[in-house]
Amino acid sequence: TVLLDTGIIPMEEPVTKFTLEAPGGLVDVEAECCDGKAKRIKIQNHPSFADKMDANLEVEGLGSITVDTAYGGDSFAFVDAKALGFSLEPHEAKDIATLGVKITKAATEQLGFSHPTNPDWNHISFCFFSGSMQKRDGTLTSKGALVIEPGKLDRSPCGTGISARMALMHARGQMKVGDPFIGTSIIDSEFHGR
């Protein structure tokens, strides 16, 4: 949106198509544009996959917790926000960020990560606090908070995190190929995945 709205990439209405280089590689972008503004952005993300599920992790000051790891264009450790005492509200941001950094470091050290086609990708990049699953008009939806080093939260629902989370849900039989999912951030912004 920023690249188009500021003119860094020339806008073509009604649709502008381009490719971005993300940490995991190239991503195709299709933007619906109207009256000089990008209205809706659609990306085709990288192949996403579940890595470790229900893994035990020892976290300093917290003890033993259960995490999942997955890849969705970046590598993630997923934790159950409610099990850790969080309702994913903005006033919890500092505590979530502080704990998330500890979980990310512990996951890299204890669980590691191995990408099947990129041997240099051997770490967990982020911790994703997952909220409980709900249904809205028949579509699965959930709130989440993504922790970014050195200790802050992503204001967005995190596209790569949503992709990784959908891969985990697919591995657990909660989603089928083509099913929709709505991820909501701690400030209630939404990304729609499929």
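In what follows, the structure referred to is the one given above.
Predicted, not measured: the structure shown is a model, and the values here were computed from it.

A word on the nonpolar core
- With 26 residues, the main nonpolar core has Leu57, Ile96, Ile103 and Phe129 as its most contacted residues.
- Breaking this core down by element, the ones donating at least two residues are strand E5 (55-59), strand E6 (63-71), strand E7 (75-80), helix H2 (93-110), strand E8 (126-130) and strand E10 (139-148).
- With 6 residues, the single largest contributor to this core is H2.
- Counting residues in each nonpolar core, the second largest holds 9 residues, with Phe126, Leu146, Ala164 and Leu168 among its members.

Some words on the sheet that holds strand E3 (residues 37-44)
- Read from one edge to the other, the open sheet built from 3 strands follows the order E1-E2-E3, with strand pairing classed as antiparallel. In this open sheet, the two strands that pair with only one neighbour each are strand E1 (15-22) and E3. For this sheet, the mean inter-axis angle between neighbouring strands, taken without regard to orientation, is 30 degrees.
- Here 8 bridges tie E1 to strand E2 (residues 25-34), and the two strands are oriented antiparallel to one another.

Observations concerning the layout of surface pockets
- Looking at the second largest pocket, its volume works out to about 390 Å³.
- Taken together, 20 residues line the second largest pocket, and the ones lying closest to its centre are Asp68, Asp80, Ser130, Arg165 and Arg172.
- Sorting the residues of the lining of the second largest pocket by element identifies E6, E7 and helix H3 (159-171) as the ones contributing at least two each.
- With 4 residues, the top contributor of residues to the lining of the second largest pocket is E6.

Focus on unusual backbone geometry
- For the bond from Glu13 to Pro14, the omega torsion is 10 degrees, close enough to zero to count as cis.
- Pro150 follows Glu149 through a cis peptide bond whose omega is 5 degrees.
- Within the secondary structure, Pro150 is located in the loop between E10 and strand E11 (152-153).
- At Asp54, a residue that is not glycine, the phi angle is positive and equals roughly 55 degrees.
- Here Asp54 lies in the loop between strand E4 (49-50) and E5.
- Note on Asp54: relative accessible area 53%, which makes it exposed.
- The residue Asp188 is not glycine, and still its phi comes out positive at about 70 degrees.
- Topologically, Asp188 is positioned in the loop between strand E12 (181-184) and strand E13 (190-193).

The rules we used
Residues numbered from 1 in each chain as written. Predicted model: local features only at pLDDT ≥ 70, side-chain atom pairs only at ≥ 80, totals over all residues. Heavy atoms only, no water. Core = buried A, V, L, I, M, F, W, Y, C linked by side-chain atoms within 4.5 Å. Buried < 20%, exposed > 50% of the residue type's maximum accessible area, 1.4 Å probe, protein only. Helix = DSSP H or I, 4+ residues; strand = E, 2+ residues; numbered from the N terminus. Pairing = 2+ DSSP bridges. Axes fitted to C-alpha atoms, helices over the stretch in contact; angles between N-to-C directions. 1 Å grid on protein atoms, 1.4 Å probe; cavity = no way out; pocket = protein on both sides within 12 Å on 5 of 7 lines; lining within 4 Å. Points joined across faces, edges and corners; volume = space filled by probe spheres on them.

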